Amino acid sequence: MSSPSNDQSCNGLVNPTFTIEDGAYNFVVTEYSGACNEEAEPDEKDSHHDTDGNKMIYTVTEIPPWYLCIFLGIQHYLTALGSNLSIPLILSKELCLMHDPVTQSHLISTTFFVSGICTIIQVIFGVRLPIVQGSSASFLTPALTMMSLPKWKCPAWTQNSSLVNTTSLEFKEVWQSRIREIQGAIIIASCFQIVMGFSGLIGFLMRFIGPLTIAPTICLISLPLYKSAGKDAGSHWGISALTFCLIILFSQYLRKVPVPFPKYSKARKCHVSRINFFQLFSMLLGICISWLVCYILTVTNVLPSDPKSYGYLARTDVKGKAVSEAPWFRFPYPGQWGRPTINVGGIFGMLAGVIASTVDSIGDYHSCARLAGAPPPPKQAVNRGIAVEGIGLLFTGIWGSGNGTASLGANIGALGITKVGSRMVIIAAGILLVLVGVFSKVGAVFATIPTPVIGGLFMVMFGILTAVGISNLQFADMNSSRNIFIVGFAIFSGLTVPNWVNENARVMETGISQLDQVIQVLLSSGMLVGGVLGFVLDNTIPGTQKERGIVAWKEELGGNSDDVQDPTEVYNLPFGIGTMCCTWSWTRYLPFWPKPKRQDPSSRIPQDVCIANATNREMETTQ
């Protein structure tokens, strides 16, 4: 047998294996591993190169260069900007802060700060998928319902800008008493979500959840948002069309066009490296170019300056006041608005929001794993993720952002466009969210992105998320009339019921305000209605495991496919927790603890092969 040449192995290391032919053991070399110290180039990642448009450029466990992490993190920050910015502004009206932009900026900064902390904790210790945590509409509805009660109706003088003194103690007590009420409800509701996760209740229900439950849930995350996306995009269809056309151009038509960039490494010194620049930064490029066009049209007065005119929201100076009045530096701290108060009705309303958010997040985990090229999350990872989301919800209540956090579907859609599923990028985005929360002036600058630009971005993101939900149906037999009925009825009901409830809220009144809040919040959540209907029908209507897609779903869940990573590499806790350290025997009973990987008996090398391995190596050394 000849030894490998130097060009085959960088340091002389080879990967020998054995084959058995005619009862004899033959020592053969099947693969050479060049353990060079040379830095790997992005264009040399053949195993993940986007040759067919589906493979990831960076998988969940891979780490891009630090500068790419920063820019890709900015891209995810801009994607999360819509919900983190709009929800505090919507809530500020009910908090009597309509004429206090400085306090509004404090709420926005607190939201960004807590979202960043929750994102980092979720990626490192939670479900461990590249998923961003941000302000969720699931908790906005119960908060608005609480503030709509006669007790919390804003005084008439707070609606008049000439009568409002934002520095007076009376005005501060008006809005701070309201946000403290919301804080108390969020804190109590968060404990329920933490218990659901750590107790394993969610993981227990996962055994009954299949594609026919996940698909409607994911679809109904994005489908009800068509009104919001259409409203933002419709503020100037020309600018929004420019935004989504640029994103489509960069992410689809130019995704395989390599762009040369100068680079330096110790091994190759100064050289040119080619990367798929347009695909990596498709959304960032689309937003920045459209933003620049809006700025040019603003300074040249092409866009109308009358707030009542169509296209006014495309101007870049609409939110200029927020930049000038925002402080440069402000550190949000727990209890900054005072001690939270507790109301039973508000707690029940927030509990309904927790249930809706939990169902939403389970769908988000599966869609995120699918777009990131990872195997579906096992039940212990789902348990851990929901528990960490509960901890994040507790943080929002303690810090006082006025709303709860959950997984953001828009950022999951970004994974499908950029083909970058690295969780290190999301950690970078979380750090950026924290910094923006501290440096308020920076966040105010990004808040000046015109509304139609955000609307064009949402049209792409929510469209991809809807398609991800539909793609889960590939595991089920969609030639079955049973499955067609379940999916169609669940999705249509998830759109119809919330729409009717929102338009006929008085019909649902029972006379008990607390019960009315719970019913309205539960039935107003499309993903909750559709997900529950899909779950109940799929588990009660007779059907085989193969027909329901459970067989293929479990095979995918086990990570047996060659194009996905080992589930233990993706979902195990970091720093060897549960595998190399903290491996007490009682931890195997914890429903959120990583389970040790079982070795496949068929993959074990027979003892006589091992003996032949040592014998042949000794013979080679003698020769």
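Remember, it's a predicted structure, so these values are computed and weren't measured experimentally. (Residues numbered from 1 in each chain as written. Predicted model: local features only at pLDDT ≥ 70, side-chain atom pairs only at ≥ 80, totals over all residues. Heavy atoms only, no water.)

Novice: Sorry, what's going on with the overall build of the chain here?
Specialist: When helices and strands are counted, the chain shows 24 helices and 6 strands. A total of 623 residues make up the chain; the buried ones form 52% of that total. Within the chain, contacts between residues at least 6 apart in sequence are counted, and of these 80% link residues at least 24 apart. Summed over all atoms, the accessible surface of the chain reaches about 28700 Å², with 63% contributed by carbon and sulfur. (Helix = DSSP H or I, 4+ residues; strand = E, 2+ residues; numbered from the N terminus. Buried < 20%, exposed > 50% of the residue type's maximum accessible area, 1.4 Å probe, protein only. Contact = heavy atoms within 4.5 Å. Areas by Shrake-Rupley, 256 points an atom, 1.4 Å probe, with all protein chains shown as cover.)

Novice: Even after reading the chapter, I still don't get the packing of aromatic side chains, so can you show me in this structure?
Specialist: Two aromatic rings, taken as a pair, are described by how far apart their centres are and by the angle between their planes. With the rule as written, the count across this model stands at 17 aromatic pairs. Both rings, one in Phe125 and one in Phe575, keep their centres 6.5 Å apart while their planes meet at 55°; by these two values the pair is tilted. Here Phe125, found in helix α2 (residues 101–125), pairs with Phe575, found in the loop between α23 (567–571) and α24 (607–622); they are 450 residues apart in sequence, far enough to count as distant. A centroid spacing of 5.8 Å and a plane angle of 75° characterise the contact between Phe395 and Trp399, whose relative ring orientation is edge-to-face. Remark: Trp399 and Phe395 occur in helix α13 (residues 379–399); sequence separation between them is 4 residues, near one turn of the helix. For Phe395, a relative accessible area of 21% gives the class partly exposed. By relative accessible area, which is 14% here, Trp399 ends up buried. Among the aromatic residues, ring-to-ring pairing joins Phe113, Phe331, Phe395 and Trp399 into one connected group. (Phe/Tyr/Trp six-rings, centres within 6.5 Å; stacked < 30°, edge-to-face > 60°.)

Novice: Looking at this model, I keep getting lost on the packing of helix α18 (residues 481–503) against helix α19 (residues 513–524). Mind explaining?
Specialist: Working note: a packed helix pair is described by the angle between its axes plus the distance between those axes. Their axes nearest at 8 Å, the elements α18 and α19 cross at an angle of 140°. Here α18 lies oblique to α19, going by the angle between them. In this structure, α18 contributes Val497, Pro498, Val501 and Asn502 to the contact, and α19 contributes Gln520, Leu523 and Ser524. Of the residues in the contact of α18 with α19, the class split is 4 nonpolar, 3 polar and no charged. (Axes fitted to C-alpha atoms, helices over the stretch in contact; angles between N-to-C directions. Parallel < 35°, antiparallel > 145°, perpendicular 65-115°, else oblique. Nonpolar A, V, L, I, M, F, W, Y, C, P; charged D, E, K, R; others polar.)

Novice: Hey, could you run me through the pattern of salt bridges in this one?
Specialist: A side chain of one charge can pair with a side chain of the opposite charge when the charged atoms of the two come close. As enumerated under the stated definition, the model contains 4 salt bridges in all. Residues Arg180 and Glu173 are paired through a salt bridge, measuring 3.1 Å at the closest nitrogen-oxygen approach. Overall, the relative accessible area of 13% leaves Arg180 in the buried class. Residue classification places Glu173 among the partly exposed residues on the basis of a relative accessible area of 42%. In this structure, Arg482 and Asp538 form a salt bridge, with 3.0 Å as the shortest nitrogen-oxygen distance. Placement of Arg482 in helix α18 and of Asp538 in helix α20 (residues 526–540) is noted, with a sequence separation of 56 residues between them. Of the two residues examined, Arg482 and Asp538, each falls in the buried class. What emerges from the salt-bridge pattern is a single network uniting Arg482, Asp538 and Arg548. (Salt bridge = Lys/Arg side-chain N within 4 Å of Asp/Glu carboxyl O.)

Novice: Please clarify how the nonpolar core should be interpreted in this entry.
Specialist: Soluble globular proteins tend to bury their nonpolar side chains together. Core analysis: the largest hydrophobic core is formed by 63 residues, its most contacted members being Leu95, Leu129, Ile182 and Met350. When residues in this core are grouped by element, the largest group, 8 residues, is from helix α4 (residues 169–198). Not counting chain neighbours up to four residues away, the residues in contact with Leu95 comprise Leu107, Met147, Cys154, Trp175, Arg178, Ile179 and Ile182. (Core = buried A, V, L, I, M, F, W, Y, C linked by side-chain atoms within 4.5 Å.)

Novice: What should I look at first to understand unusual backbone geometry in this one?
Specialist: In terms of backbone geometry, most residues other than glycine have negative phi values and most peptide bonds are trans. The phi dihedral of Cys96 is positive, around 65°, even though this residue is not glycine. By secondary structure assignment, the location of Cys96 is in the loop between α1 (66–94) and α2. Residue Cys96 is classed as buried on the basis of its relative accessible area of 2%. In the Ramachandran plot, Phe575 falls in the positive-phi region, its phi being about 60° despite a non-glycine side chain.

Novice: Looking at this model, I keep getting lost on the packing of helix α10 (residues 282–299) against helix α17 (residues 451–471). Mind explaining?
Specialist: Taken N-terminus to C-terminus, the directions of α10 and α17 make an angle of 155°; their axes are 10 Å apart at the nearest point. Taken together, the axes of α10 and α17 are roughly antiparallel relative to one another. Between α10 and α17 lies a crossing of right-handed hand. Across from Met283, Ile287, Ser290, Trp291 and Cys294 in α10, the residues of α17 making contact are Val453, Leu457 and Met461. (Left-handed = near helix turned anticlockwise from the far one by under 90°.)

Novice: Explain the environment of Leu303 to me, please; I cannot follow it from the model alone.
Specialist: In this structure, Leu303 sits in the loop between α10 and α11 (320–325). When the C-alpha atoms of Leu303 and Ala314 are compared, they prove to be 7.3 Å apart, with 11 residues separating the residues in sequence.

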